[in-house]
Amino acid sequence: MSYHYRLDGGSLAISSPRTDQDIGTYQCLATNPLGTIVSQKAKLQFAYIEDFETKTRSTVSVREGQGVVLLCGPPPHFGGLSYAWTFNDNPLNVQEDNRRFVSQETGNLYIAKVEPSDVGNYTCYITNKEAQRSVQGPPTPLVQRTDGVMGEYEPKIEVHFPETIQAAKDSSIKLECFALGNPVPDISWRRLDGSPLPGKVKYSKSQAILEIPNFQQEDEGVYECIASNLRGRNLAKGQLIFYAPPEWEQKIQNTYLSIYDSLFWECKASGKPNPWYTWLKNGERLNPEERIQIENGTLIITMLNVSDSGIYQCAAENKYQIIYANAELRVLASAPDFSKNPIKKNSVVQVGGDIVIECKPNAFPRAAISWKRGMESLRQSKRVFILKDGGLKIHNVTRSDAGSYTCIATNQFGVAKNTGSLVVKERTVITVPPSKMDVTVGESIVLPCQVSHDPSIEVVFVWSFNGDVIDLKKGVAHFERIGGESLGDLMIRNIQLNHSGKYLCTVKTTLESLSAEADIIVRGPPGPPEDVRVEHISSTTSQLSWRPGSDNNSPIQIFSIQARTPFSVGWQAVSTVPEILNGKTYNATVVGLSPWVEYEFRVVAGNSIGIGEPSKPSEVLRTKASVPVVAPTNIKGGGGSRSELVITWESIPEELQNGEEFGYIIMLRPVGSTTWTKERVPFVESSRFVYRNESITPLSPFEVKVGVYNKKGEGALSTTSIVYSGEDEPQLAPRGTSVQSFSASEMEVSWNAIAWNRNTGRVLGYEVLYWTDDSKESVIGKIRVSGNVTTKNITGLKANTVYFASVRAYNTAGTGPSSAPVNGTTKKSPPSQPPANIAWKLANSKLCLNWEHVKTMENESEVLGYKILYRQNRQSKTHILETNNTSAELLVPFEEDYLIEIRTVSDGGDGSSSEEIRIPKMSSLSSRGVSVLEPSIHFLSIVIMIFYCFAIQPLI
């Protein structure tokens, strides 16, 4: 060490390193009291690159179409280089393509076919990344010759990889290949052994570079580059040879051995070529001797002594690298010592059991072992053995074996003793084990597990189900532990099918483990049948097959088949042949199906426990078509225009159409005729047909039948119905029309009925039209009455308004002419003011009422009288008393509260009501009676009045 070399911890620092002195291979040696170890080798090199020579480069002269190579000629250097070229001092590098290529091996620029645009100055740039320096060469002029153009010629490979390349494992290999030629050659690659190129390969833009990343053994072989154009082809090939530096497969480990023992170490490493091995001790090469045997990666040292202790290294090396595996050998020599491994202070065993008391003192060499019980030396017998490792084994222990035991260890360096006690306990016995049970799903059961045991020993119960422990602490569903310290009973609530199996109760103590098991069979409804298939299907039947599912420990007794269609509500049971499907039947024919309907089927199984889950549905299949058999119903008609016969019916639902191209057949003839007219209606949704014929007289009766047909043929016809042809509108207007006003909002229109016949048009009823002079529309109301009704009340009218009305007859063809208009005036509006200042007196079931007369306004109807509306508080039925006076008496049993209101009566109708008055029941009033004046909401003061039926009292 000096100012030039300095240690910094374990690192070597070199001050002002010099290329001529410090280049070389370095290795670190680390030493401590146990020995010395050497490190991997490290190689020190200095990266540099010198400047180009400054002399001018010669001009390169070429014809157009000729190929050219511009040489870079790198100056002296060490370290990896990267190359680039510039053109005419352009700061951007020359772009490589299939015509131009810069080799990163030679540094040269290759132009496969020169074009006029290539003329100019080219400069080579070199970068040394390790030296962190770039240099620029002198420019090379490229000029075009004027003596003609170069003709086409076959490719000439100028850049090719070596014939043999050593490729390291996991490295990235790049192969270069570029050719000159006219036309510009295309580059392709292949392996000569015919195997495909690795999928991981990468290509440069022009395919002049083939890169194989992460090189492995299977990638080695002969690779070939093919350059081709219209004039021919040229080849270059080279072999990639895989190599790998050593890698450890087995290393040596630290070893501690007793004096006089033997050492055996083995180390193994992989690599290509195969590595060779050397051994070092404390940094020095180890050579074979009398006690030392070295063969490849194995080291054997016999009769070890303390001087053999040290740090050993196994070195694996091939021509590419050397690696080291390190381990310590420590040779020990000492008297027996129990400080680290004393005998167990108390060994506990049960009566009838076996016990081993271990004795493992540290002793080098190994100690000879003997035992004492108390003060008496132990000898081996049928029950007592001293094991090879020094342990004491006692078989079939009795209570008399309890006591202290001493182990005595002896070797050439000394003697050591250590004592422990043997404690004997009573055995644990399972007194009530679990037993086999047969249960039904949903029941709750208890599996017993009860023991007798030594009171001083703690007992732990563990239950397992089919080999898996039931963790009762986590609150597992269905399982619950019940019982005390000696009871390990297991309750299973709401037992399920998946609870069938073996239940094992394990009783654990610190001394032993014993168990008892029982089989539980849970029976339940069958599982869903499987693989339901439709073997054959006709128009009304389907043949099904299936496989039974699990019987869940109870034999299947019956199967049933269910079907579903787009028209059914859920799944429906279907009829089968055979009618009853027993548990051994796995196929059946479903009957009674509808033709041309999509069906899917499922199967349900049952046993003595119940009905199980249904199978998965079968595939959806359509039954075959057949002639429709259901005829339309509710054949009606009538109406329509003159010369028309309108026929209606209820359309047939899709599930009863039985096939494609479904439609309806109409059969009709005039009553009394023998010849039927037949019409077809080719529309599925149709429910109406209009037959037109100018010869049809109005309101003529026809016999009508409606049938069905589809692609398979014609089906059933309905029963015969009588339908009348269309008719003309009524030809006569009603007479004797009049209007009478009833109130401000209601009037009555009346007329005389029309005596009609077939010529004047049938009358089905009348239509009343009404309007006013100032209405924006010609008619503001239209009301129909049917039959021979000749009056109609019109409500919701405006007060004191002139209304016009006319009446016209109607039938199915339309309406007839209107009667001459008549008019009437509605009454004035009823009084808007309610009765005010209402006073009442109640005594002996007689209620006396009095109020002020209501004065009306000019536009209101005169008051003709009053209505008194009264009802019990808890009843909705209202009673009405009418009077022309402003007072009234009511004789009612006042056992409950009464609610009373008063309103005016006029020609314009009833006026506004007073506020509702509550009259309390008699029991809540004094026997002398009570009189009250109810204040009107229209007055601010209270008016005191004297009625003829009582003397008014002050307002309460």
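Given the structure is predicted, the values throughout are model-derived calculations rather than measurements.

K.L.:
How should I be thinking about the overall build of the chain in this particular structure?
P.N.:
Helix and strand counts for the chain stand at one helix and 87 strands. Taking 956 residues into account, the globule formula puts the C-alpha radius of gyration at 30 Å, and the chain, at 60 Å, lies well above it. Dimensions along the principal axes, computed over C-alpha positions, put the chain at roughly 150 × 125 × 85 Å. The proportion of buried residues among the 956 residues of the chain is 42%. Contacts in the chain between residues far apart in sequence, at least 24 positions, make up 63% of those at least 6 positions apart. Entry remark: accessible area of the chain is about 51,600 Å², with carbon and sulfur atoms responsible for 48%. Each charge class in the chain can be summarised by its mean position, and for the 96 positive and 102 negative side chains these summaries are 4 Å apart.

K.L.:
In this structure, what is going on with the environment of Lys-584? I would like to understand it.
P.N.:
Relative to the elements of secondary structure, Lys-584 occurs in the loop between strand 59 (581–582) and strand 60 (587–591). On a C-alpha basis, the gap between Lys-584 and Phe-559 in space is 9.0 Å, while along the polypeptide they are 25 residues apart.

K.L.:
In this structure, what is going on with the sheet that holds strand 51 (residues 490–492)? I would like to understand it.
P.N.:
Strand pairs in the sheet, formed through backbone hydrogen bonds, run parallel or antiparallel to each other. Judged by pairing direction, the sheet is antiparallel, and its three strands sit side by side in the order 46-51-50 without closing on themselves. The open sheet has two free edges, formed respectively by strand 46 (445–447) and strand 50 (479–481), since each of these has just one partner strand. With strand direction ignored, the average angle separating the axes of adjacent strands in the sheet is 25 degrees. The pairing of strand 46 with strand 51 spans three bridges and is antiparallel.

K.L.:
Please explain the packing of aromatic side chains as it appears in this structure.
P.N.:
If you walk through the whole model with that rule in mind, you get 18 aromatic pairs. Taking 5.3 Å as the distance between ring centres and 20 degrees as the angle between the ring planes, the aromatic pair formed by Phe-101 and Phe-178 counts as stacked. Separated by 77 residues along the polypeptide, Phe-101 in strand 12 (residues 100–102) and Phe-178 in strand 19 (residues 173–182) bring together distant segments of the chain. For the pair shown, Phe-101 and Phe-178 are each scored as buried. A ring pair is formed by Trp-771 and Phe-804, whose centres lie 6.2 Å apart and whose planes are at 15 degrees; its orientation type is stacked. Of the two residues, Trp-771 sits in strand 73 (residues 765–772) while Phe-804 sits in strand 76 (residues 802–811), which places them 33 residues apart along the sequence. As far as burial versus exposure is concerned, Trp-771 and Phe-804 are alike and both buried. Three or more aromatic residues joined by ring pairs form one cluster here, namely Phe-101, Tyr-110 and Phe-178.

K.L.:
Just to check I follow, could you spell out the UniProt feature "domain: Ig-like" (unreviewed entry) in the chain for this structure?
P.N.:
UniProt marks residues 33–136, 155–236, 246–330, 336–423 and 427–515 with the feature "domain: Ig-like" (unreviewed entry), using the numbering shown here. Counting secondary structure, residues 33–136 comes out at 0% helix and 43% strand; the distance between its end C-alpha atoms is 57 Å.

K.L.:
Looking at this structure, I do not really get the environment of Ser-568. What am I missing?
P.N.:
Looking at the secondary structure, you find Ser-568 in the loop between strand 56 (556–564) and strand 57 (572–573). For Ser-568, a relative accessible area of 26% gives the class partly exposed. Expressed as a C-alpha distance, the spacing of Ser-568 and Leu-899, which sit 331 residues apart in the sequence, is 58 Å. At a separation of 3.0 Å, a polar atom in the side chain of Ser-568 contacts the main-chain amide nitrogen of Thr-565. Here Gly-570 takes part through its backbone oxygen, which lies 3.1 Å from a polar atom of the side chain of Ser-568.

K.L.:
Looking at this structure, I do not really get the side chain of Ser-819. What am I missing?
P.N.:
With respect to the secondary-structure elements, Ser-819 resides in the loop between strand 77 (814–818) and strand 78 (822–825). Of the polar contacts made by the side chain of Ser-819, one reaches the side chain of Thr-737; its length is 3.2 Å. Setting aside its immediate chain neighbours within four residues, Ser-819 contacts Ala-733, Pro-734, Thr-737, Ser-806 and Val-807.

K.L.:
How do you make sense of the UniProt feature "domain: Fibronectin type-III" (unreviewed entry) in the chain when you look at a structure like this?
P.N.:
The sites that UniProt annotates as "domain: Fibronectin type-III" (unreviewed entry) are residues 528–626, 631–728 and 733–829. Annotated as residues 528–626, this span is 0% helix and 47% strand, and its ends, taken at the C-alpha atoms, are 34 Å apart. Between the first and last C-alpha atoms of residues 631–728 the distance is 32 Å; the span itself is 0% helix and 50% strand.

K.L.:
Is there a simple way to explain the pairing of strand 23 (residues 221–229) in this structure?
P.N.:
Each regular strand shows side chains that alternate between the opposite faces of the sheet. Strand 23 sits mainly inside the fold: seven of its nine residues count as buried. The sheet contact formed by strand 20 (residues 186–191) and strand 23 spans six bridges and is antiparallel. From the neighbouring strand, Arg-190 faces strand 23, where its bridge partner is Glu-224. Of the strand pairs in this sheet, strand 23 and strand 24 (residues 232–250) are connected by nine bridges, and their pairing is antiparallel. Pairing of Glu-224 across the sheet is with Lys-237, part of strand 24. Joining the antiparallel neighbours strand 23 and strand 24 is a turn of two residues.

K.L.:
Got a minute to help me understand the sheet that holds strand 64 (residues 644–650) in this structure?
P.N.:
A sheet is described by the order of its strands in space; here three strands give the open sequence 63-64-67, paired in antiparallel fashion. Both outer strands of the open sheet, strand 63 (633–637) and strand 67 (688–692), are each paired with one neighbouring strand and no more. Here the average twist between neighbouring strands, direction ignored, is 20 degrees. Pairing of strand 64 with strand 67, which is carried by five bridges, proceeds in the antiparallel orientation. In the strand pairing of strand 67, Ile-647 is matched with Phe-689.

K.L.:
How should a nonpolar patch on the surface be read in this particular structure?
P.N.:
Residues Val-356, Phe-385 and Leu-387 make up a contiguous nonpolar surface patch of roughly 200 Å² in combined accessible area. Of note, Val-356 is situated in strand 36 (residues 355–357). Judged by its relative accessible area of 39%, Val-356 falls in the partly exposed class.

K.L.:
Teacher, can you tell me more about unusual backbone geometry here?
P.N.:
Trans peptide bonds make up most of the peptide bonds, and negative phi angles are found at most residues other than glycine. Of note, the amide linkage connecting Lys-272 to Pro-273 takes the cis form, showing an omega dihedral of -5 degrees. Within the secondary structure layout, Pro-273 lies in the loop between strand 27 (268–272) and strand 28 (276–281). Each neighbour pair has its own omega, and for Phe-364 with Pro-365 the value is 0 degrees, a cis peptide bond. With respect to the secondary-structure elements, Pro-365 resides in the loop between strand 37 (362–364) and strand 38 (368–373). Positive phi outside glycine occurs at Gln-132, with the angle close to 55 degrees. For Gln-132, the location among the structural elements is in the loop between strand 14 (120–128) and strand 15 (133–136). Look at Gln-132 and you get exposed, because its relative accessible area is 74%. At Asp-531, a residue that is not glycine, the phi angle is positive and equals roughly 55 degrees.

K.L.:
So what exactly am I meant to see when it comes to the environment of Glu-443 here?
P.N.:
Looking at the element boundaries, Glu-443 is found in the loop between strand 45 (437–440) and strand 46. When its relative accessible area of 36% is taken as the criterion, Glu-443 is described as partly exposed. Measuring from C-alpha to C-alpha, the distance between Glu-443 and Val-60 comes to 104 Å, with 383 residues separating the pair along the chain. In contact with Glu-443, not counting residues within four places along its chain, are Ile-492, Arg-493, Asn-494 and Ile-495.

K.L.:
I keep staring at the pattern of salt bridges and nothing clicks. Help me out?
P.N.:
A side chain of one charge can pair with a side chain of the opposite charge when the charged atoms of the two come close. Taken as a whole and judged by the stated rule, the model has 39 salt bridges. A salt bridge links Arg-547 to Asp-531; its shortest N-O distance comes to 3.9 Å. On the criterion of sequence distance, the pair formed by Arg-547 in strand 55 (residues 542–547) and Asp-531 in strand 54 (residues 530–537) is long-range, its members being 16 residues apart. Three or more residues are tied together by salt bridges with common partners; here these are Glu-530, Asp-531, Arg-533 and Arg-547.

About the thresholds
- Residues numbered from 1 in each chain as written.
- Predicted model: local features only at pLDDT ≥ 70, side-chain atom pairs only at ≥ 80, totals over all residues.
- Heavy atoms only, no water.
- Helix = DSSP H or I, 4+ residues; strand = E, 2+ residues; numbered from the N terminus.
- Rg over C-alpha atoms; globule rule 2.2 N^0.38 Å.
- Buried < 20%, exposed > 50% of the residue type's maximum accessible area, 1.4 Å probe, protein only.
- Contact = heavy atoms within 4.5 Å.
- Areas by Shrake-Rupley, 256 points an atom, 1.4 Å probe, with all protein chains shown as cover.
- Lys, Arg positive; Asp, Glu negative; His and termini not counted.
- Charge placed at Lys NZ, Arg CZ, Asp CG, Glu CD.
- Pairing = 2+ DSSP bridges.
- Axes fitted to C-alpha atoms, helices over the stretch in contact; angles between N-to-C directions.
- Phe/Tyr/Trp six-rings, centres within 6.5 Å; stacked < 30°, edge-to-face > 60°.
- UniProt positions renumbered as here; feature names shortened; annotations may be inferred.
- Polar contact = N/O pair within 3.5 Å; in protein donor to acceptor, adjacent residues only side chain to side chain.
- Patch = residues over 30% accessible without salt bridge, like charges linked within 9 Å, V, L, I, M, F, W, Y side chains within 5 Å.
- Salt bridge = Lys/Arg side-chain N within 4 Å of Asp/Glu carboxyl O.

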